[in-house]
Amino acid sequence: MRLFSRQLSDQELVEGIRNEGPRRRYFENKLYDQFAYLIRDGVRKNRLSEEDAASAYSDAIFTVIEHISNGRFEGLAKLKTYLTRIFTNKCVDFIRKNTTNRSSVNQAVSLDDLAVQIPDSVKSVVQGLISQQEHDLLRARLQTLTGKCREMLLTWAEGFSDAEIAETLGYHSAAVAKTSRLRCLEQLRELYRTSKS
């Protein structure tokens, strides 16, 4: 049976981390362990995967250790409050990242993200689609593309690289996937050209 170790006070943790001696690592680990329950909160409150919540928590711990070391943490708030605030911000960063890079295929394609990644020859088409009305038109045009083309563009819009698309959709290489993707974008562009004439 594992015995619970004593919780350290904020002062003990801060002094231990500020001390550059060999026991600093011990206090860093104690800080991590003492508030590790926040990972579960991140999963529950922010609907993050356990891996993302743990990663956000680790990032928050590193930030707090850095703030303690350089004097930015002044002790005006409790260490738990300070860490929780930073952890919450890190969770929000993960939510934004996941929403932007790996959003569900059923969700809308972010045109701003597409515009940054596509070749200049196609940018003018996509940049014209930023309004909400045009967004609906884009979704309708995507539905008229062949299944493989539509799947490729939606996967690419989720943030997958050409190498990942090649592996996921069964292309021989990233170069072949890129060529196919550019053809699909050209088909989408042509659909817009013909619908406006």
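All figures in this text were calculated on a predicted structure; none of them were measured in a lab. (Residues numbered from 1 in each chain as written. Predicted model: local features only at pLDDT ≥ 70, side-chain atom pairs only at ≥ 80, totals over all residues. Heavy atoms only, no water.)

Draft legend 1. View of the overall build of the protein. When helices and strands are tallied, the protein shows eleven helices and zero strands. Reading the helices (α) and strands (β) of the protein from amino to carboxyl end gives α-α-α-α-α-α-α-α-α-α-α. Sorting the 197 residues of the protein into buried and exposed places 36% on the buried side. Intrachain contacts of the protein at a sequence separation of at least 6 include 58% that bridge at least 24 residues. Put simply, the protein shows about 12400 Å² of open surface, and 50% of that area lies on carbon and sulfur atoms. (Helix = DSSP H or I, 4+ residues; strand = E, 2+ residues; numbered from the N terminus. Buried < 20%, exposed > 50% of the residue type's maximum accessible area, 1.4 Å probe, protein only. Contact = heavy atoms within 4.5 Å. Areas by Shrake-Rupley, 256 points an atom, 1.4 Å probe, with all protein chains shown as cover.)

Draft legend 2. Structural view of the environment of S9. Following the sequence through the fold, S9 ends up in the segment before helix 1 (10–18). Each C-alpha atom, one on S9 and one on L79, is 9.1 Å from the other, the two residues being 70 residues apart in sequence.

Draft legend 3. Broad picture of the state of the cysteines. Enumeration over the complete set of coordinates arrives at one disulfide. Each sulfur in the disulfide pair C149 and C184 lies 1.9 Å from the other. Here the S-S torsion is close to -110°, and the disulfide linking C149 with C184 is therefore left-handed. Of this pair, C149 sits in helix 9 (residues 147–157) while C184 sits in helix 11 (residues 174–196), and the two are 35 residues apart along the sequence. (Disulfide = S-S within 2.5 Å.)

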